[in-house]
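Descriptive analysis of the structure
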Amino acid sequence: MRPSSVLAVLALGAASTLHAETVERMVLSRGGVVLEVSAPASGIVRIRMGRGKLPEDASWAVPAARRSARLPLKVTRRGEQVLLRTANIAARIDLRTLRTDVLDGGGRLLLADLAGRAALSPDGGFRMRGRMGGDDHVFGLGDKTGTFDRKGGAYTMWNTDTYKFTQATDPLYKTVPFFLAVSDRGQAHGLFLDNTWRTTFDFGKTERGVLSISGEGGPVDYYVMAGPAPKDVLQQYARLTGSAPLMPQWALGFQQSKWSYKTDAEVRAIARRLRSERLPSDVIYMDIDYQDRSRPFTVNRQAFPHVRRLADDLRTQGIRLVLITDPHIANAPGQGYAAYDSGAAQDLFLKLPGGRYYSGDVWPGAAVFPDFSRAQARRWWGELHAGFVSDGVAGFWNDMNEPSIFNAPGKTMPLEVVHRIESDDFAPRSTSHAEMHNVYGQLNSRATYEGLLRLQPDVRPFVLTRATYAGGQRYAATWTGDNVSSWQHLKMGMQQLVNLGLSGFSYAGNDIGGYAGERPSPELLTRWFQLGAFMPLFRAHAETGRADQEPWVGVAAQVEIRRRFISERYRLMPYLYAAAEENSRSGIPLLRPVFLNFPSVLAHGDRLGGSEDQFMIGGDLLLAPSPMLESPGDYNVELPGKGWYDYWTGRRLDGKGLVVKPDIAQLPVYVRPGAIIPRQPLVQSTAFIPEGRLELHVYPGAGCQGDIYADDGVSLAYQRGGFLRQRIRCEQTPSGLKLLFEQREGSWRPWWNGMALYVHGWDAEAAPQAYAAGGALATSVDREQNAAVILAPDLAGGVVEIDRQRAVDPQGPPQPPASAL
Ligand code: GLC
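Structural notes, computed from the coordinates. Worth saying up front: this structure is predicted, and the values here are computed from it rather than measured.

**A few points about the layout of surface pockets**
Where empty space is left can be seen by rolling a probe of water-molecule size over the atoms. There is about 580 Å³ of room inside the largest pocket. Together, 28 residues line the largest pocket, and Pro-55, Glu-56, Gly-218, Pro-219 and Val-220 are the ones closest to its centre. Among the elements that take part in the lining of the largest pocket, strand β4 (residues 44–51) stands out by supplying three residues, more than any other. When grouped by side-chain class, the residues that make up the lining of the largest pocket number twelve nonpolar, nine polar and seven charged.

The following block contains the structure:
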């Protein structure tokens, strides 16, 4: 077949109304290999390739509607090459080899020579090679340890229970086959391979400068995202796989866990202590020991006689209960164990090829495993939560869902276990565990999430999962599994969380204080709480049999530091919650590497422009712990620009760089010039309504703006208009500063009875004059915060004028200027 006829015959979907050279998708075939290119959204191309035919068009990560959307592709042919262009991205395919280059809208090569028909091997495996950009750094791939920049590393996707993992451990718990490549110039692109089988990504480790993606089976089905900024790539990826829904606000509160609080009395004592120590907190977890013989969906009634009463009593103290519900159902026929009996009656457990149940040992001993690839099994699983939900349990924790099996080769079930796919737009079929292993945890958490929504249609579900697959952010928050109490883990854990955020998992945390190993020193525990106060998920947890490591453990001075940082998180809740809400719409994570907000820092080179050791929460706050957390030595902090502020003192800094002397009582935090940060009076739980004013902290600078977002924190009413969103901007004026309060959106009525506006970097002795709607406002100076403070009514709109030159005579009343009269 001549190439021209290949185009003519195989350019499918070209409706007659389309221009002759515009197609909806392009299918090419050469030497028995078929390749398809489509553009599901602006800046994204999808490429699928198969031997004889294309792989099945179905996915656990990308919903059907997003996969089937097609932007028109403009086709141009030059010799043996065909160029398919759409807005911001193009694919160039060699018709002889089917090798593919992906280019951005300006013709810049993003990925060269990627696939090609030689990538497919006869045994069903594949190996795609491509050239990497020389100055590209690589991020994403979920929870991988190794190095922050994945360049030079190789990583395997195979969900694995990795107790006490190390920097060298791979694979780990999750599979997110998505990476973000960013050049020194801050130009970014991304690639997502939608394949749930065991795959490997090699970023120039085996062959310098060569990207190699290989798999043992499954589809060659990948998306390239053209950016061009790092944030654009994350938004493009979120467009495909979704962003995390807005979690209940309490999920951003402090969460106390331990394996296990063993009795009703112990759980109550923990709650009492949190309150008496004035440690703000929202959640207590109950680990496996609340169950009868570790059997999921049972309760040890000796230890926990009344879960409902316990949940109710904690609720009045502002504390919610989260219970573990693991997927391994005890293999206990004929014993009146409802979870087993109902699952068996509906034939929902996984089987070996011969038709017998697969049984493996986990916490309850011999266990069977739901086949979550069947919609019916997911529905049944969701219903198992009905009793706990009606008892007032607020959230659920899905663990061991790699799935983890004790004493088994590879710590999981045999690959020959048979799954039946009956779900979504997959063709109903049987398949082996090799295909479903990496998505088992994601489907487990999906079953929980969707089940909770069915049980309580107007309540935001909270699910925590350990294992997952790309797209799993739509269903659950996650944590990094069984870490170790060490300085090295604290440091490594931060990069894991940043990379999880870059992989779609914005709600991620690690076990504060460390899960396993030697008990943490008081300083390590304190530092972990300090950094944890800025992690998206702030959850303390530890293994059974260890000495206590709740925040009150140790000498009073250490406890006081931890209390101060936990409290700071609650004061910052309006800022964190606004970032969470933004994430639900954009996919931009809460925790961000510095380069995500400021791509130009990469040009500075040194430790990725600070991104390796420093990080940002939201768009405005930069945290700068020591690069060597336990070291008492001074260290340098490099800020992305001039004019930043010290968060703790409100003082404007002179240069871009500064030298910090570590102090266990402090964690350096800096604020972007131009930020407006909402804060609230301290409460001990997000369940309690703050009293008084909303604080708006203004840090004058370029691009000055900030957002307020509020709603009821728990229901879905925000999707029906029950929210408050407001942008506030600030502008320098000849005499001072003007704050512009844009019109509010939404119908939610705020809790605050007024606003306290803090204008930072205030070095004058006297307070300014300030006016709103022609009336003078009360002003003062807060020396500790280096701020002028202006007390205003709740401003649903309007302007506040701050006159710096006409300082208020502390003795006399303020005089409005002529312009305000
Ligand atoms: C797993 C979890 C850990 C939990 C334990 C008991 O090891 O990772 O967090 O405490 O199981 O459920």
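What follows picks up the thread again.
**Examining helix α14 (residues 573–586)**
Between its terminal C-alpha atoms α14 stretches 20 Å, which fits the 20 Å expected from 14 residues at 1.5 Å a residue. Within α14, eleven of the 14 residues are buried, which leaves the element mostly enclosed by the surrounding structure. Among the residues making up α14, those that are buried are Met-573, Pro-574, Tyr-575, Leu-576, Tyr-577, Ala-578, Ala-579, Ala-580, Glu-581, Asn-583 and Ser-586. Downstream of α14 by one or two residues, Gly-587 has phi in the positive range, about 80°.

**Considering the state of the cysteines**
Within the structure shown, the criterion is met by one disulfide. In this model, Cys-704 is linked to Cys-730 through a disulfide, with the two sulfur atoms separated by 2.1 Å. Note on the Cys-704 and Cys-730 pair: the S-S dihedral is about 110°, so by sign convention the disulfide is right-handed. With Cys-704 in the loop between β39 (694–698) and β40 (705–711) and Cys-730 in strand β41 (residues 723–733), the pair connects residues that are 26 residues apart, well separated along the chain. The same class applies to Cys-704 as to Cys-730, namely buried.

**A closer look at the packing of aromatic side chains**
Scanning the entire structure with this criterion turns up 40 aromatic pairs. Judged by centre distance (5.5 Å) and plane angle (70°), the rings of Phe-565 and Trp-648 are edge-to-face. Taken together, the residues span a long stretch of sequence, with Phe-565 in helix α13 (residues 556–571) and Trp-648 in the loop between β35 (645–646) and β36 (657–660) at a distance of 83 residues. Under the relative-accessibility criterion, Phe-565 is labelled buried at 1%. Members of the aromatic cluster, joined through ring pairs, are Tyr-290, Phe-297, Tyr-340, Phe-349, Tyr-357, Phe-372, Trp-380, Trp-381, Phe-388, Phe-396 and Tyr-440. Cation over ring: Arg-295 sits above Tyr-337, and NZ or CZ is 5.4 Å from the ring centre. The positively charged end of Arg-539 is found above the aromatic ring belonging to Trp-397, 4.4 Å away from the centroid.

**Considering the pattern of salt bridges**
With the rule as written, the count across this model stands at 55 salt bridges. Among the salt bridges present, the one from Asp-101 reaches Arg-92, with a minimum N-O distance of 3.0 Å. For Asp-101, a relative accessible area of 10% translates into the label buried. Taking the shortest distance from any N to any O, the salt bridge between Arg-720 and Asp-458 comes out at 3.0 Å. Pair noted here: Arg-720 is in the loop between β40 and β41 and Asp-458 is in the loop between α10 (440–455) and β27 (463–465), with a separation of 262 residues, a long-range link.

**Quick look at the nonpolar core**
In terms of nonpolar packing, the biggest core is built from 176 residues, with Phe-192, Ile-329 and Phe-462 touching the most fellow members. The dominant element in this core, judged by the number of residues it contributes, is α14, at seven residues. Beyond its immediate chain neighbours, meaning those up to four positions away, Phe-192 contacts Ala-61, Val-62, Pro-177, Phe-178, Asp-221, Tyr-222, Tyr-223, Met-225, Tyr-237, Thr-241, Tyr-469 and Ala-470. Counting residues in hydrophobic clusters, the runner-up holds 45 residues, among them Leu-73, Leu-110, Leu-120 and Leu-211.

**Here we look at the sheet that holds strand β47 (residues 787–792)**
Paired through backbone hydrogen bonds, the strands of a sheet run either parallel or antiparallel to each other. The strand order β38-β39-β43-β47-β46 describes an open sheet built from five strands, whose pairing is mixed. Each having just a single partner strand, β38 (676–679) and β46 (778–782) make up the two edges of the open sheet. When the angles between neighbouring strand axes are averaged without regard to direction, this sheet yields 20°. Of the strand pairs in this sheet, β39 and strand β43 (residues 755–760) are connected by five bridges, and their pairing is parallel. Bridge pairing in β43 places Leu-694 opposite Met-755.

**Focus: the sheet that holds strand β33 (residues 621–623)**
If you walk across this open sheet you meet the five strands as β31-β32-β33-β37-β35, and the pairing is antiparallel. Bordering the open sheet on either side are β31 (591–592) and β35, each of which pairs with just one other strand.

**Considering the side chain of Gln-549**
The topology assignment puts Gln-549 in the loop between β30 (538–540) and α13. A distance of 2.5 Å separates polar atoms of two side chains, one belonging to Gln-549 and the other to Arg-546. Each residue touching Gln-549, except ones within four places of it in the same chain, is listed here: Ser-485, Ile-512, Gly-513, Gly-514, Pro-520, Leu-525, Phe-529, His-541 and Ala-542.

**Points about the pairing of strand β7 (residues 89–94)**
Along β7, five of the six residues are buried, which leaves the element largely enclosed by surrounding structure. Hairpin connection between strand β6 (residues 81–86) and β7: a loop of two residues separates the two successive antiparallel strands, and Asn-88 in this loop has a positive phi of roughly 70°. Two strands pair when backbone bridges link them, and β7 and strand β8 (residues 100–104) are joined in this way by five bridges, in the antiparallel orientation. From the neighbouring strand, Ile-93 faces β8, where its bridge partner is Thr-100. Counted along the chain from β7 to the antiparallel partner β8, the turn is five residues long, and its residue Leu-98 has a positive phi close to 60°.

Quick notes on the rules
- Residues numbered from 1 in each chain as written.
- Predicted model: local features only at pLDDT ≥ 70, side-chain atom pairs only at ≥ 80, totals over all residues.
- Heavy atoms only, no water.
- 1 Å grid on protein atoms, 1.4 Å probe; cavity = no way out; pocket = protein on both sides within 12 Å on 5 of 7 lines; lining within 4 Å.
- Points joined across faces, edges and corners; volume = space filled by probe spheres on them.
- Helix = DSSP H or I, 4+ residues; strand = E, 2+ residues; numbered from the N terminus.
- Nonpolar A, V, L, I, M, F, W, Y, C, P; charged D, E, K, R; others polar.
- Expected span 1.5 Å × (residues − 1).
- Buried < 20%, exposed > 50% of the residue type's maximum accessible area, 1.4 Å probe, protein only.
- Disulfide = S-S within 2.5 Å.
- Phe/Tyr/Trp six-rings, centres within 6.5 Å; stacked < 30°, edge-to-face > 60°.
- Lys NZ or Arg CZ within 6 Å of the ring centre and 35° of its normal.
- Salt bridge = Lys/Arg side-chain N within 4 Å of Asp/Glu carboxyl O.
- Core = buried A, V, L, I, M, F, W, Y, C linked by side-chain atoms within 4.5 Å.
- Contact = heavy atoms within 4.5 Å.
- Pairing = 2+ DSSP bridges.
- Axes fitted to C-alpha atoms, helices over the stretch in contact; angles between N-to-C directions.
- Polar contact = N/O pair within 3.5 Å; in protein donor to acceptor, adjacent residues only side chain to side chain.

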